[in-house]
Amino acid sequence: MNATLYSIADSWTVTDSPIHPTEDLRSWIRERNETIAVDIRKNRLSDSHFWFYDREEGCIHNQNHSFFTICGLRKRMPNGEEIQQPILLQREIGFLGIICKEFGGVMYFLMQAKIEPGNVNKIQISPTIQATKSNFTQKHGGKKPPYLEYFEQASKYEVVVDQIQSEQSSRFYKKRNRNIIIRVQEEIPVLPSHRWMTLGQIKRLMRDDNLVNMDTRTVLSCIPYCKHNLSEAELTALSERFTDQALFQSVFEGEKENRLPEIYQYINHYKMFLEDEPELVPLHSLEHWNLGDSDITCQEPYPFKVIFCDIAMEGREVKQWTQPLFEACGIATFALICCEENGILKFLVRAIPEAGCFDGIELGPTIQCEAMSRYEEEDAVTRYFGERMAEGTEILFDHLLSEEGGRFYHEQNRNIILRVKYETLPELPEGYFLLDYKTLNELVQMNNILNIQLRNLLSLLEA
């Protein structure tokens, strides 16, 4: 594992490749987008012969009770607000898997040009395999996804990552997926839909709006750099490859103080005294929601609505189907503030409760502001963020990135990383923590501690 982690960390610094130059990868995606046939039309629930509203159960599901269900959720949040909304119920755990292999001393990742029905731009760079349990057990009646056998037989290979991690808890109810990376030594066939890329190339492509999908970002965020046992010579060699020395120190050295007990104490205290459990209720019982044949909409401004679509596309295990999708009603803002303290880059994170969260609360980014919400003047940190954004001089990253296109329609969110001066930070309110990357990386090795918005933002960091 030590040699693998060294090679992966080194791949982080390799931003181009003779195997597939970065510009060629962009051209590859453009060409596939131009040639693939896609037809996605909004329709009515009653037009589908597979999906229907079951009034007795109060939910939308399909004839096979497979894939997912949409039901109602009622939850009182810690601030006293009562949330009532539709929510996706998908109890099965799917594969988000990446194969990696070393070529010429550099680690490469086998990435897929995958189309999802809700993608704003059709094809995005996705993991080697991205499949629900219903997909790979063929409940849809189609073929098994390619490369599945490598992950079903993962014990034959070196397992770099194998984590059950949460999904978007404002849309899903206690949804989790298996994030897995395996390293192979053998030759494997590369389909036209796949390409080898370095980690640095993938991170560079994340600067293209909506090009690298959410599932890729979450899997890469789980790489366990904190488990390294690198020698001083190896650390020195890696350090020379990193242009951001504060980030290098944050990833591979970290601060001496152990912050884990403090974090666990806060999160576990919340879980222990959590009294208002979410309640799954019939869709037709939700207040202020209109349950229609064409869509499910809130009478008040809300981040999403539910629509019904007829979908036909090439390059999928099934070529035509119908399904509901959650359509975004605006653009959310997810932001991570970082700063250098004593030569170590630290990240300002916040414990965030969400209605559909598996354990009620997880660590999220500094700012997690849904569309139709406001962050201005909420507390000292959100005011500080607004002031820094108005100045616009400390922005490291500011791009639109898509959410999961298999369930969400055209949902793209603004992802921001600000690098500020430590001494300018305000006094942190309760629930905020300033942590190095190594601590966050240790926490992500546990299930359901870092939420998907934070994991995605951490994946954007460049060496």
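For the structure itself, consult the block above.
Residues numbered from 1 in each chain as written. Predicted model: local features only at pLDDT ≥ 70, side-chain atom pairs only at ≥ 80, totals over all residues. Heavy atoms only, no water.

**Q** How do you make sense of the pattern of salt bridges when you look at a structure like this?
**A** Any two side chains of opposite charge can pair, so long as their charged atoms come close to each other. Counting across every chain of the model gives 28 salt bridges. Ionic pairing is found between D162 and R178, a salt bridge with its closest N-O pair at 2.7 Å. On the criterion of sequence distance, the pair formed by D162 in strand β10 (residues 158-166) and R178 in strand β11 (residues 176-183) is long-range, its members being 16 residues apart. Of the residues examined, D162 reaches a relative accessible area of 34% and is grouped as partly exposed. (Salt bridge = Lys/Arg side-chain N within 4 Å of Asp/Glu carboxyl O. Helix = DSSP H or I, 4+ residues; strand = E, 2+ residues; numbered from the N terminus. Buried < 20%, exposed > 50% of the residue type's maximum accessible area, 1.4 Å probe, protein only.)

**Q** Mind showing me how you'd approach the side chain of E92 here?
**A** Residue position: E92 is located in the loop between β5 (82-89) and β6 (94-103). You can call E92 buried: its relative accessible area is 16%.

**Q** Please clarify how the layout of surface pockets should be interpreted in this entry.
**A** To find leftover empty space, a probe the size of one water molecule is rolled over the atoms. Quantified by volume, the largest pocket comes out at close to 1,200 Å³. Lining the largest pocket we find 45 residues, and of these M77, N79, E81, I83 and S373 sit closest to its centre. When residues of the lining of the largest pocket are traced back to their parent elements, those giving at least two are β5, α9 (260-272), β19 (344-353) and β21 (367-369). (1 Å grid on protein atoms, 1.4 Å probe; cavity = no way out; pocket = protein on both sides within 12 Å on 5 of 7 lines; lining within 4 Å. Points joined across faces, edges and corners; volume = space filled by probe spheres on them.)

**Q** Just checking my understanding: could you explain the packing of aromatic side chains for this structure?
**A** To describe a pair of aromatic rings, you give the distance between the ring centres and the angle between the ring planes. The tally for this structure, following the rule as stated, stands at 22 aromatic pairs. Seen from their ring centres, Y302 and F304 are 5.4 Å apart, and the 80° between their planes marks the pair as edge-to-face. In this pair, the class of Y302 matches that of F304, namely buried. Connected via pairs of aromatic rings, a cluster forms that spans W12, Y225, F242, F248, F252, F347 and Y437. Against the face of F103 rests K101, its NZ or CZ located 5.5 Å from the ring centre. Note that R176 overlies the ring of F358, its terminal NZ or CZ placed 4.0 Å from the centroid. (Phe/Tyr/Trp six-rings, centres within 6.5 Å; stacked < 30°, edge-to-face > 60°. Lys NZ or Arg CZ within 6 Å of the ring centre and 35° of its normal.)

**Q** Any chance you could explain helix α12 (residues 452-459) here in plain terms?
**A** An α-helix turns once per 3.6 residues; consequently, residues spaced three or four apart project the same way. When you tally the buried positions in α12, you get eight out of eight residues, the bulk of the element. Along α12, the residues that are buried comprise I452, Q453, L454, R455, N456, L457, L458 and S459. Taking the backbone nitrogen of Q453 as reference, a side-chain oxygen 3.2 Å away marks N451 as the first, capping residue of α12. (Polar contact = N/O pair within 3.5 Å; in protein donor to acceptor, adjacent residues only side chain to side chain.)

**Q** Would you explain the pairing of β5 in this entry?
**A** Regular strands place side chains that alternate from one sheet face to the opposite one. Buried residues dominate β5, accounting for seven of its eight residues. In this structure, strand β4 (residues 69-76) lies alongside β5, joined through eight bridges in antiparallel fashion. Across the sheet, C71 pairs through a bridge with I87, a residue of β5. Linkage of β4 to β5, two consecutive antiparallel strands, is achieved through a turn of five residues, within which G80 is found at a positive phi near 95°. (Pairing = 2+ DSSP bridges.)

**Q** Before we go on, may I ask you to explain the nonpolar core in this structure?
**A** The tendency in soluble globular proteins is for nonpolar side chains to be buried side by side. If you look at the biggest cluster of nonpolar residues, it comprises 81 residues, and the most contacted ones within it are F109, Y225, F252, F347 and L363. Ranked by size, the runner-up nonpolar core spans 30 residues in total, among them I70, M77, I87 and V281. (Core = buried A, V, L, I, M, F, W, Y, C linked by side-chain atoms within 4.5 Å.)

**Q** Got a minute to help me understand the pairing of strand β2 (residues 51-54) in this structure?
**A** Both β2 and strand β3 (residues 59-62) contribute to a ladder of four bridges, which runs antiparallel. By the bridge assignment for β3, Y53 is matched with I60. Connecting the antiparallel pair β2 and β3 is a turn made up of four residues, with G58 showing a positive phi of about 75°.

**Q** Quick question: what am I supposed to make of the environment of Q130 here?
**A** Tracing the chain through its elements places Q130 in strand β9 (residues 129-131). Its relative accessible area of 11% is what places Q130 among the buried residues. For Q130, the contacting residues outside a window of four places in its chain are F95, L96, K114, E116, N213, D215 and E404. A distance of 2.8 Å separates the side chain of Q130 from the side chain of E116, its partner in a polar contact. Here D215 takes part through its side chain, which lies 2.9 Å from a polar atom of the side chain of Q130. (Contact = heavy atoms within 4.5 Å.)

**Q** Please clarify how the packing of helix α1 (residues 2-12) against helix α7 (residues 232-241) should be interpreted in this entry.
**A** When two helices pack together, their arrangement is given by the angle between their axes and by how far apart the axes lie. The geometry of α1 relative to α7 is characterised by a closest axis approach of 10 Å and an angle of 15° between their N-to-C directions. The angle between the axes of α1 and α7 places the two elements in the roughly parallel class. For the pair α1 and α7, the crossing hand works out as left-handed. For the pair formed by α1 and α7, the contact residues are N2, Y6, A9 and D10 on the first element and E234, A237, L238 and R241 on the second. By residue class, the composition of the contact of α1 with α7 is four nonpolar, one polar and three charged. (Axes fitted to C-alpha atoms, helices over the stretch in contact; angles between N-to-C directions. Parallel < 35°, antiparallel > 145°, perpendicular 65-115°, else oblique. Left-handed = near helix turned anticlockwise from the far one by under 90°. Nonpolar A, V, L, I, M, F, W, Y, C, P; charged D, E, K, R; others polar.)

**Q** I would appreciate a short explanation of helix α11 (residues 437-444) in the present structure.
**A** By the criterion of burial, α11 is predominantly enclosed, with six of the eight residues buried. Of the residues making up α11, those classed as buried are Y437, T439, L440, N441, L443 and V444. A distance of 3.2 Å separates the backbone nitrogen of K438 from a side-chain oxygen at the start of α11, and that oxygen is part of D436.

**Q** What am I meant to see in the environment of K156 here?
**A** Tracing the chain through its elements places K156 in the loop between α4 (148-152) and β10. Classification of K156 by relative accessible area gives exposed; the value is 56%. C-alpha of K156 to C-alpha of D244: the two residues are 88 residues apart in sequence and 36 Å apart in space.

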